[in-house]
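One-letter residues, chain by chain:
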Amino acid sequence: MTQPPGRYAPLPYNRQIALLRTRDIPVHYYRYLIDRVGRKWHWVNALRLSDEEMTTALAKPDRDIRVLYLDGAPAGFFDIKPHAPGEIELAYFGMMDHATGQGLGRWFLGAAVETAWSYKPEKVIVQTCTLDHPAALPLYQKIGFSPVGQVKEIVHPLTMEERAAVVMRA
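Residues numbered from 1 in each chain as written. Predicted model: local features only at pLDDT ≥ 70, side-chain atom pairs only at ≥ 80, totals over all residues. Heavy atoms only, no water.

1. A few points about the confidence of the model for the protein chain
Right, on to step 1. On average, residues of the protein chain carry a pLDDT of 90, and 99% of them reach 70 or more.
Right, on to step 2. In the model of the protein chain, helix 5 (residues 160-167) stands out as the element of lowest mean pLDDT, 80, in contrast to strand 2 (residues 64-70), which has the highest, 98. (pLDDT = per-residue confidence, 0-100. Helix = DSSP H or I, 4+ residues; strand = E, 2+ residues; numbered from the N terminus.)

Structure follows, in C-alpha cells:
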C-alpha cells in the first residue's frame, strides 16, 4: 500500500470495544495472543523464539502492539513494526474466534492500517499466505493493499506438546 485509504470503516456501534496500545507487554501475554489468534493459521515462528529473543524484539521502541477487547475480554491484536527504510509492516493482525463474524474485521483492519500510516512511511506492507483465513487477502485488497509477490515456504507446525510448553512457560 503506497497511500492511505480514502476512508476507513466506522467503529461498530452498540458494542463494548476497546483498542489499547500495550506498553512493556509481558512475553507470556504476547505468546498467548499469538497462540489464540494464530493457532489455526500456523503462526509458529514467533512462538519458537526464546524468551530472551522475544523480550528483545518486544522491547524495541518502534514496535506498536495494540490489543482489541470485546466486552472486556481480549479479542485480537495487531503488531506494527518497521520493515525497511520508509516501510512499516503490519506484522501480525487477527482476531480470536469469538470475535469473528461480528462485523468487526474491516473496522479493526482499518484501525491497524491507520496506525501504520500515522508513522508517515512511504508504504505499508502486510504478508499473508494460503494458510491464513480465507477472507484475509480479499479484505487486505478491499482496504487498498495490492499483491506484489509470492514466496513458497514450508511450515513446521507445533505439536500440542510443543505448543503447551511454549505457551505455558513461566
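2. A few points about the pairing of strand 2
Right, on to step 1. Extensive coverage of strand 2 is indicated by the burial of five of its seven residues.
Right, on to step 2. Sheet topology note: the strand 1 (residues 17-21)/strand 2 ladder contains five bridges and is antiparallel. Within strand 2, the residue paired with L19 across the bridge is L68.
Right, on to step 3. Bridge analysis of strand 2 against strand 3 (residues 73-84) gives seven bridges, and the strand direction is antiparallel. Opposite I65, over in strand 3, you have D79 as the bridge partner.
Right, on to step 4. Here strand 2 folds back onto strand 3, and the loop between the two strands holds two residues, one of which, D71, carries a positive phi near 55 degrees. (Buried < 20%, exposed > 50% of the residue type's maximum accessible area, 1.4 Å probe, protein only. Pairing = 2+ DSSP bridges.)

3. Structural notes on the nonpolar core
Across soluble globular proteins, nonpolar side chains show a tendency to be buried alongside one another.
Right, on to step 1. In this structure, L90, F93 and F145 are the most contacted members of the largest nonpolar core, which totals 26 residues.
Right, on to step 2. When contributions to this core are tallied by element, the ones reaching two or more residues are strand 2, strand 3, strand 4 (87-95), helix 3 (105-117), strand 5 (123-126) and helix 4 (136-143).
Right, on to step 3. Sort the elements by how many residues they give to this core and helix 3 lands first, with eight residues.
Right, on to step 4. Each residue touching F93, except ones within four places of it in the same chain, is listed here: W43, F77, F78, G105, F108, L109, A112 and Y140.
Right, on to step 5. Membership of the second largest hydrophobic core comes to 22 residues, among which are Y30, V37, W41 and L47. (Core = buried A, V, L, I, M, F, W, Y, C linked by side-chain atoms within 4.5 Å. Contact = heavy atoms within 4.5 Å.)

4. Quick look at helix 4
Right, on to step 1. Those residues of helix 4 that sit buried are A136, Y140 and I143. Axial view of helix 4: buried residues confined to an arc of 70 degrees, hence all on one face.
Right, on to step 2. Elements that come into contact with the buried residues of helix 4 comprise strand 4, helix 3 and strand 5.
Right, on to step 3. Backbone geometry just downstream of helix 4 places G144 in the positive-phi region, at approximately 130 degrees. (Arc of directions from axis to C-beta.)

5. Side note on unusual backbone geometry
Right, on to step 1. Not every positive phi belongs to a glycine, and D24 is a case in point at roughly 55 degrees.
Right, on to step 2. As for its placement among the helices and strands, D24 is situated in the loop between strand 1 and helix 1 (27-38).
Right, on to step 3. For H42, which is not glycine, the phi dihedral falls at a positive 60 degrees.
Right, on to step 4. Looking at the element boundaries, H42 is found in the loop between helix 1 and helix 2 (51-58).

6. Section: helix 1
Right, on to step 1. For helix 1, which comprises twelve residues, the first-to-last C-alpha distance of 16 Å matches the rise-based estimate of 16 Å (1.5 Å per residue) to within 8%.
Right, on to step 2. Counting buried residues along helix 1, nine of its twelve residues qualify, which places the element largely inside the surrounding structure.
Right, on to step 3. Within the span of helix 1, buried status applies to V27, Y29, Y30, R31, L33, I34, D35, V37 and G38.
Right, on to step 4. Where helix 1 is buried, its residues contact helix 2, strand 2, strand 3, strand 4 and helix 5. (Expected span 1.5 Å × (residues − 1).)

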